[in-house]
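Summary of the model geometry
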Amino acid sequence: MEQQIRYTLGKEERLKSRKAIEQLFKEGKSLSVFPLRVIYIFSKEPPSLTEPCVPVNKPCIKAGFTASSRNFKKAVDRNRIKRLMREAWRLQKHALQLPVSQHGELAVFFVYVGKELPEYELIFEKTALTIKRFIKLINENKG
RNA sequence: UCUAUCAGCCAGGCCAUCGUUCUCCUACAGGAGGAAGGAAAGUCCGGACAGCAAAGGGCAACACACCGGUUAACGGCCGGUCCCGGUGAUACGGGGAGAUAGUGCCACAGAAAAUAACCGUCCCGCUGUUGAUGUUAUUGUUUUUGUUUACAAAAACAGCGGGAUAAGGGUGAAAACGUGAGGUAAAUGCUCACGAUUAUUAGGGGUAACCUUAAUAGUGGGUAUACCUUGUGUGCUGUAAUGCCAUGUACACCAACGCCUGAGAGCGGCCCGUUCGAUGUGCCGGGUUAAACCGGCGCAGCGUUGGAGGGUAGGCAGCAAGAUCAUAACAGUAAUGUUAUGGCCAGAUAAAUGAUGGCCACCCCGAAUUUCGGGGCCACAGAAUCCGGCUUAUGGCUGAUAGAUUUU
RNA sequence: GGCUGCGUAGCUCAAUUGAAUAGAGCAUUUGACUACGGAUCAAAAGGUUUUAGGUUUGAAUCCUAACGCGGUCA
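Residues numbered from 1 in each chain as written. Chains lettered and ligands numbered in written order. Predicted model: local features only at pLDDT ≥ 70, side-chain atom pairs only at ≥ 80, totals over all residues. Heavy atoms only, no water.

Things to note about the protein's contact with RNA strand B
The environment of RNA strand B is made up of 20 residues, and the closest members are K11, K16, K74, R80 and R90. Restricting attention to atoms of RNA strand B within 4 Å of the protein, one finds that 76% of them are sugar or phosphate atoms. Between R86 and RNA strand B, the recorded distance is 3.3 Å, taken from a side-chain N or O atom to a phosphate oxygen. Ranked by residue count, the leading element in the surface near RNA strand B is helix α2 (residues 75-92), at 8 residues. Per-class residue counts for the surface near RNA strand B are 7 nonpolar, 3 polar and 10 charged. (Near = heavy atom within 4 Å. Polar contact = N/O pair within 3.5 Å; in protein donor to acceptor, adjacent residues only side chain to side chain. Helix = DSSP H or I, 4+ residues; strand = E, 2+ residues; numbered from the N terminus. Nonpolar A, V, L, I, M, F, W, Y, C, P; charged D, E, K, R; others polar.)

See the structure below:
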């Protein structure tokens with residue numbers, strides 16, 4: 001049986017520390033794939049010096065998701081958007097895993113900036129697009 | 001069938017794949033089990049629990065207000081009662097201390113908005129004018145008649161003073177019980193009849209609010225959702241409360257004791273009373289992940305002894321077995337309570353419950369009436385310490401009553 | 001999670017010790033002035049006082065509930 005990819009998104013793979021998120025918003029770069037706005041940061045330390053970042057054991061991509069309460073006043077809508085984004089990320093992030101693990105660590109934060117409730121298909125497509133752009137970015141940095 | 005009002009119920013079920021979170025097991029591959037609501041919402045009330053050294057008294061402030069019951073508690077709920085609206089109907093909806101404790105307010109209009117004032121009406125007295133009529137005296141003339149003067153004076157008018165009035169006075173939301181009769185100088189519940197209404201007393205019913213009968217005394221405008229008075233209740237702040245752990249750093253850190261003085265501070269509104277009382281404190285800049293900390297300026301008593309103290313980022317507790325849930329029986333009109341049996345039912349912290357598919361049930365449409373095909377499977381909406389209510393949002397179903405329409 | 005304040009013309013604000021017609025400035029429209037425009041002058045229109053109940057003879061104002069928008073504590 002060819003190693004089946006486990007599409008997981010546990011606690012380890014999400015941004016949970018308030019401090020880390022504040023730092024990300026302060027120093028991170030951003031790109032925008034409407035209706036998503038993506039804020040990200042690469043940590044420079046080579047993986048060998050800090051705790052070993054082996055793809056199987058320790059995840060090296062951390063992600064967070066949010067939707068503004070200015071655009072969506074109801075908690076139900078915000079939860080729905082975050083869940084859809086999480087689901088799309090969960091199914092597609094494996095494409096990034098290998099390139100990133102060779103390079104360092106990545107922290108990503110997705111902000112939904114649209115003003116209407118999206119369909120799942122739209123979120124899925126846009127997430128795929130962002131991942132492509134990330135891969136491109138990593139390749140440029142190498143070169 | 002539709003509409004209106006009221007009351008009650010439900011918020012699909014099962015299976016599979018990939019994921020999330022918590023707990024347990026484990027051979028660390030994984031496996032098993034639990035995982036949003038009737039409103040989780042608004043934060044409008046009431047509690048539990050915690051802190052404020054202790055939580056004492058008074059005042060203030062706030063809330064509530066027919067009666068009884070219910071409860072841990074409530075401003076909630078249940079039952080009753082009176083008033084108003086409303087109906088075929090005690091179906092239904094709304095309201096309820098005090099205006100006779102006091103103060104304030106009631107625009108415009110109106111005589112007047114609560115004192116009964118003003119106009120007007122009536123009575124008495126005084127003064128003045130006119131003066132029917134009467135009496136007496138004087139003067140002139142011989143007398144009579146007549147004239148003049150003085151006095152008295154019915155009545156009328158005017159003025160002043162005193163008193164009686166609330167019947168009348170175009171208004172207004174509201175005008176000092178209403179209608180009729182008698183009575184009076186003129187009038188008035190002044191008296192009488194009928195009616196309305198308030199209070200007290202007595203009898204009857206009811207735990208009570210209240211109902212009812214009789215007697216007596218009244219008829220004092222409205223507004224307390226103006227201030228207020230009376231009664232009852234509440235100390236204040238809130239789980240981001242609060243307690244504990246531990247990294248690293250700096251030291252005018254902390255604790256105890258003593259002396260002069262009593263600045264000041266606390267008891268989260270104020271006072272009394274009481275307690276604390278000095279290496280402190282205010283501002284600005286730097287520093288730290290954060291706090292400790294450093295420097296400057298201002299105000300300000302010190303000393304001795306001891307060893308840990310303060311504080312935040314993070315973690316743990318608080319934090320999931322309870323005014324608990326389900327079923328049954330009993331008590332009660334009911335809210336609710338008691339007993340028995342069984343169950344354990346979210347616990348995250350940038351914050352878990354999602355994505356996809358199938359079947360059944362339900363609804364709609366078409367064929368057709370056994371059944372088949374297609375579509376829908378929703379609305380409002382997401383726990384953050386936990387409970388009891390209230391309010392608001394919202395889909396469907398059922399029942400009761402009334403009305404309308406159609407068919408028989 | 002708690003506390004607290006506000007909502008008036010298209011905009012910025014008055015009127016908040018209840019009193020009948022809700023006022024001012026800017027903006028808008030029309031007219032005058034000008035060759036034209038601006039400025040200026042004159043006039044007009046524009047309000048269910050956020051919504052729904054209640055108290056009152058009478059509510060922008062008082063009371064209750066809802067909706068919306070801020071501020072603040074940690």
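Structure's up, so let's keep going.
Here we look at the packing of aromatic side chains
Enumeration over the complete set of coordinates arrives at 4 aromatic pairs. Seen from their ring centres, Y40 and F134 are 5.2 Å apart, and the 90° between their planes marks the pair as edge-to-face. In this pair, Y40 is assigned in strand β2 (residues 36-43) and F134 in helix α4 (residues 120-142), connecting sequence segments 94 residues apart. Each ring, one from Y120 and one from F124, has its centre 6.0 Å from the other, and the planes form 55°; the classification is tilted. In this pair, Y120 and F124 are both assigned in helix α4, 4 residues apart and thus about one turn of the helix distant. (Phe/Tyr/Trp six-rings, centres within 6.5 Å; stacked < 30°, edge-to-face > 60°.)

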